[in-house]
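Observations on the model geometry
Read off the chains here:
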Amino acid sequence: MNSSFRCGNGECVSIGSKCNQLVDCADGSDEKNCSCADFLKSQFLTRKICDGIIDCWDFSDEYECEWCSPGQYICPNSRVCIERTRLCEYTSRTYSCL
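In this text the structure is predicted, and so the values were computed from the model without any measurement. (Residues numbered from 1 in each chain as written. Predicted model: local features only at pLDDT ≥ 70, side-chain atom pairs only at ≥ 80, totals over all residues. Heavy atoms only, no water.)

**A word on the state of the cysteines**
In this structure the tally under the stated criterion is three disulfides. What pairs with cysteine 7 in a disulfide is cysteine 25, and their sulfur atoms sit 1.9 Å apart. Disulfide cysteine 7-cysteine 25: the torsion about the S-S bond is -70°, which places it as left-handed. With cysteine 7 in the loop between β1 (4–6) and β2 (12–14) and cysteine 25 in the loop between β2 and α1 (36–42), the pair connects residues that are 18 residues apart, well separated along the chain. Its relative accessible area of 3% is what places cysteine 7 among the buried residues. With a relative accessible area of 2%, cysteine 25 lands in the buried category. Across a sulfur-sulfur distance of 2.0 Å, cysteine 19 and cysteine 34 are joined as a disulfide pair. On the sign convention where negative is left-handed, the bridge of cysteine 19 and cysteine 34, at about -75° about the S-S bond, is left-handed. Taken together, the residues span a long stretch of sequence, with cysteine 19 in the loop between β2 and α1 and cysteine 34 in the loop between β2 and α1 at a distance of 15 residues. (Disulfide = S-S within 2.5 Å. Helix = DSSP H or I, 4+ residues; strand = E, 2+ residues; numbered from the N terminus. Buried < 20%, exposed > 50% of the residue type's maximum accessible area, 1.4 Å probe, protein only.)

**A closer look at the pattern of salt bridges**
Applying the stated criterion to the full structure yields one salt bridge. Note that lysine 48 is salt-bridged to aspartate 55, the shortest N-O span being 3.9 Å. (Salt bridge = Lys/Arg side-chain N within 4 Å of Asp/Glu carboxyl O.)

**Quick look at the environment of lysine 18**
Relative to the elements of secondary structure, lysine 18 occurs in the loop between β2 and α1. We classify lysine 18 as partly exposed; its relative accessible area is 24%. In this structure the C-alpha to C-alpha distance between lysine 18 and lysine 41, which are 23 residues apart in sequence, comes to 9.7 Å. In contact with lysine 18, not counting residues within four places along its chain, are Phe5, Ser29, Asp30, Glu31, Lys32, Cys34 and Ser42. (Contact = heavy atoms within 4.5 Å.)

**A word on unusual backbone geometry**
A positive phi angle, near 65°, is found at glutamine 21, a position not held by glycine. Relative to the assigned elements, glutamine 21 resides in the loop between β2 and α1. Non-glycine residue asparagine 33 carries a positive phi angle of around 60°. By relative accessible area, which is 80% here, asparagine 33 ends up exposed.

**As for the environment of phenylalanine 59**
The residue phenylalanine 59 is located in the loop between α1 and β3 (72–75) in this model. We classify phenylalanine 59 as partly exposed; its relative accessible area is 34%. Residues phenylalanine 59 and isoleucine 74, 15 residues apart in the sequence, show an inter-C-alpha distance of 9.2 Å. Those residues within four positions of phenylalanine 59 in sequence are excluded, and the remaining contacts are Ile54 and Tyr73.

Written as structure tokens, this is what we have:
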């Protein structure tokens, strides 16, 4: 496993520096194309990934979980997989899928 990330300008930084919301590469390439789930992983918060609770504004922590088909999200508190085109919303202190 590679323990470093090669920046766009050729310099190398620790793989833990990728997607941690801190610019470590002079060209900023370590923070490009990062999802919220990537940030959670960089902070060793993998327990928040695919746990049925949306922690990320972009839903990336509940996207393509192993029990869902590709392109699906997990609906909070139910572990029901839904298509990207459907929404989950919070009402009356419970989550429901539309």
